Amino acid sequence: MTLWSGRVESGLASEVWEFLKADDAELLPYDLAATRLHAGRLHAAGLLTDDELAEVAERLAAIAPEDLDPSDEDVHSAIERLLGPVGRKIHAGRSRNDQVAAAFRLYVEDACREAVDAIERFAAVVLDRAEADADTPMPGYTHLQRAQPVTVGHHLLAWAEMLERDRERFRSAAGQAAPSPLGAGALAGSTLPLPPPANRLRNSLDAVSDRDFALDYLYACTVCHSHLSRLGEELCLWATSEFGFVRLPEAAATGSSMMPQKLNPDVAELARGKAGTALGRLTGLLAVVKGLPLAYDRDLQEDKAPVFSARRDLRATLAALEVLLEEIEFDRERLAQATRDPLLLATDAAEALVLEGTPFRDAHEQVAAEIRAGTFAAPSAAPRPAPGPGGVHEALADARARWSG
Ligand code: ARG
């Protein structure tokens, strides 16, 4: 029995029914919460008695995912069915249009909070690893060519910076999802004297139809995944015999089904790949919402699958990378040997000449000529401190203070 069987009496074709049904069980706890809020409003307006409100609360609390049935068009229909006789009153002054927007906003807000927590856990590992190798020298790269010396600590703190902005994007997306669409009804509110929810969206047409909050979430996921893909790529490179900067831990590496010697960085590779899928979800939902006329259109049912899978992927990617980074070993000897490459100090040599009064372009040409002639000698073998006052240790202390704040 559909919520709209009063209007369409004869049965739908089974193909049409299967096509229309929503795969939205994941929304259940959020829709239960939104329904609880709505019941409170009905009660405040005198449209549910104290006993009825108590019964709604009790029945809502008892609803579990196993209670959903293939005969339900979506999770909203299931809740009304599962409320029993009192369920016949619950839909007064609301539509599935404001109901789904309310539940989905609660879902996205929660997913943002979860992302913030997961990013914080991963960043804590990044900071620990940065601290453990704060002063370990390594070559820094541009164009993937050796450029200037840095330290492992300085490099890993760059990852922490990216993650910090990711955390901020999720916090901001949570704020965008927070306002409530309840009261918007199907599109134009209701004649019933229901009290407005706290933090209500201003315009009812907008409230039921916009999904920019979901796009904000997917954008935050995509940027975060793109950062994780960059560090995944670096871990892949560092684990090659050619670089040899890290040794993969057995807890987060895979073997080959054929080649007995292999230890593969599948975790880092899959983290790199997930960024592509994340980007696809964002562009997919943008394409769904573009051009939709106000207010609700059923196209919007397509909003949930990408968000559900984005949440799963981000959670899994951060958890696996956390294990990988926690247990990976930096090969300090190999890093030191790579950093002894005198050409890493070519810029320092040019700058030493500048300090002696040579114009920089002349100094650059002079050092380049020595390198071409094979006569270049590095000014000093010591790695330069990380740029910035206080160097890498102060940067680390700063970062820790921000992450715990
Ligand atoms: N399952 C639908 C969705 O996800 C709920 C809203 C249905 N509204 C309607 N007017 N048909 O969007």
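Residues numbered from 1 in each chain as written. Predicted model: local features only at pLDDT ≥ 70, side-chain atom pairs only at ≥ 80, totals over all residues. Heavy atoms only, no water.

Re the overall build of the chain
Part 1 of the reasoning: The number of helices and strands found in the chain is 15 helices and four strands.
Part 2 of the reasoning: Computed over the C-alpha atoms, the radius of gyration of the chain is 29 Å, more than 25% above the 22 Å expected from 2.2 N^0.38 for a compact globule of 405 residues.
Part 3 of the reasoning: Counting only C-alpha atoms and orienting by the principal axes, one finds that the chain spans roughly 90 × 55 × 40 Å.
Part 4 of the reasoning: In the chain, buried positions account for 44% of the 405 residues.
Part 5 of the reasoning: For the chain, restricting intrachain contacts to residue pairs at least 6 apart in sequence, the fraction spanning at least 24 positions comes to 77%.
Part 6 of the reasoning: If you average the places of the 42 positive and of the 63 negative side-chain charges in the chain, the two averages end up 2 Å apart. (Helix = DSSP H or I, 4+ residues; strand = E, 2+ residues; numbered from the N terminus. Rg over C-alpha atoms; globule rule 2.2 N^0.38 Å. Buried < 20%, exposed > 50% of the residue type's maximum accessible area, 1.4 Å probe, protein only. Contact = heavy atoms within 4.5 Å. Lys, Arg positive; Asp, Glu negative; His and termini not counted. Charge placed at Lys NZ, Arg CZ, Asp CG, Glu CD.)

Digging into the pairing of strand 1 (residues 137-142)
For a regular strand, the rule is simple: side chains alternate between the two faces of the sheet.
Part 1 of the reasoning: Bridge count for strand 1 against strand 2 (residues 145-151) is six bridges, and the pairing is antiparallel. Its bridge partner lying in strand 2, Thr142 is registered against Gln145. (Pairing = 2+ DSSP bridges.)

Section: the environment of Leu60
Part 1 of the reasoning: Residue position: Leu60 is located in helix 3 (residues 50-62).
Part 2 of the reasoning: Linking Leu60 and Gln145, residues 85 residues apart in sequence, is a C-alpha distance of 61 Å.
Part 3 of the reasoning: Contacts of Leu60, omitting those with residues within four sequence positions, involve Leu32, Thr35, Arg36, Ile79 and Leu83.

Side note on the layout of surface pockets
The rolling of a water-molecule-sized probe over the atoms marks out the regions of remaining empty space.
Part 1 of the reasoning: Considered as a void within the structure, the largest pocket measures approximately 370 Å³ in volume.
Part 2 of the reasoning: Considering the residues around the largest pocket, the lining is formed by 20 residues, among which Tyr141, His155, Ala158, Trp159 and Glu234 are closest to the centre.
Part 3 of the reasoning: Those elements that place two or more of their residues in the lining of the largest pocket are strand 1, helix 7 (152-177) and helix 9 (212-238).
Part 4 of the reasoning: If one sorts the elements of the lining of the largest pocket by residue count, helix 7 sits on top with seven residues. (1 Å grid on protein atoms, 1.4 Å probe; cavity = no way out; pocket = protein on both sides within 12 Å on 5 of 7 lines; lining within 4 Å. Points joined across faces, edges and corners; volume = space filled by probe spheres on them.)

Some points on the site of the ligand
Part 1 of the reasoning: Surveying the vicinity of the ligand reveals the residues Ala22, Asp74, His76, Arg96, Asn97, Val100, Tyr296, Arg298, Gln301 and Lys304.
Part 2 of the reasoning: Asn97 places a polar side-chain atom, nitrogen or oxygen, 2.9 Å from a nitrogen atom of the ligand.
Part 3 of the reasoning: With three residues, helix 6 (residues 96-132) is the single largest residue contributor to the shell around the ligand.
Part 4 of the reasoning: Residue composition of the shell around the ligand, by class: three nonpolar, three polar and four charged. (Near = heavy atom within 4 Å. Polar contact = N/O pair within 3.5 Å; in protein donor to acceptor, adjacent residues only side chain to side chain. Nonpolar A, V, L, I, M, F, W, Y, C, P; charged D, E, K, R; others polar.)

Description of the packing of aromatic side chains
The geometry of an aromatic ring pair comes down to the distance between the two centres and the angle between the two planes.
Part 1 of the reasoning: Taken as a whole and judged by the stated rule, the model has nine aromatic pairs.
Part 2 of the reasoning: Arranged with centres 5.0 Å apart and planes meeting at 55°, the rings of Tyr107 and Phe308 form a pair that is tilted. Highlighted residues: Tyr107 in helix 6 and Phe308 in helix 11 (residues 304-327), separated in sequence by 201 residues.
Part 3 of the reasoning: Of the residues examined, Tyr107 reaches a relative accessible area of 0% and is grouped as buried.
Part 4 of the reasoning: For Phe308, a relative accessible area of 4% translates into the label buried.
Part 5 of the reasoning: An aromatic cluster is present here, built from Tyr30, Phe104, Tyr107, Phe213 and Phe308 joined pairwise through their rings.
Part 6 of the reasoning: The lysine or arginine in question, Lys304, covers the ring of Phe104, its NZ or CZ lying 5.6 Å from the ring centre.
Part 7 of the reasoning: Over the aromatic face of Tyr107 sits the side chain of Arg311, whose NZ or CZ is 4.8 Å from the ring centroid. (Phe/Tyr/Trp six-rings, centres within 6.5 Å; stacked < 30°, edge-to-face > 60°. Lys NZ or Arg CZ within 6 Å of the ring centre and 35° of its normal.)

Points about the side chain of Asp72
Part 1 of the reasoning: Residue position: Asp72 is located in the loop between helix 3 and helix 4 (75-82).
Part 2 of the reasoning: According to the relative accessible area criterion, Asp72 is buried, its value standing at 9%.

Brief notes about the pattern of salt bridges
Part 1 of the reasoning: One pass over the structure, following the stated rule, counts 30 salt bridges.
Part 2 of the reasoning: Put simply, Glu329 and Arg247 hold a salt bridge, and the shortest N to O gap is 3.2 Å. With Glu329 in strand 4 (residues 329-330) and Arg247 in strand 3 (residues 246-247), the pair connects residues that are 82 residues apart, well separated along the chain.
Part 3 of the reasoning: The shortest N-O distance in the salt bridge between Asp303 and Lys304 comes to 2.7 Å. Here Asp303 and Lys304 have matching classes, each one buried. (Salt bridge = Lys/Arg side-chain N within 4 Å of Asp/Glu carboxyl O.)

Topic: the packing of helix 2 (residues 28-44) against helix 6
Part 1 of the reasoning: The geometry of helix 2 relative to helix 6 is characterised by a closest axis approach of 8 Å and an angle of 120° between their N-to-C directions. Classified by the interaxial angle, the pair formed by helix 2 and helix 6 is oblique. Every pair of crossing elements has a handedness; the one defined by helix 2 and helix 6 is right-handed. Of helix 6, the residues touching helix 2 (which contributes Tyr30, Asp31, Ala33, Ala34 and Thr35) are Gln99, Ala102, Ala103, Leu106, Tyr107 and Asp110. (Axes fitted to C-alpha atoms, helices over the stretch in contact; angles between N-to-C directions. Parallel < 35°, antiparallel > 145°, perpendicular 65-115°, else oblique. Left-handed = near helix turned anticlockwise from the far one by under 90°.)

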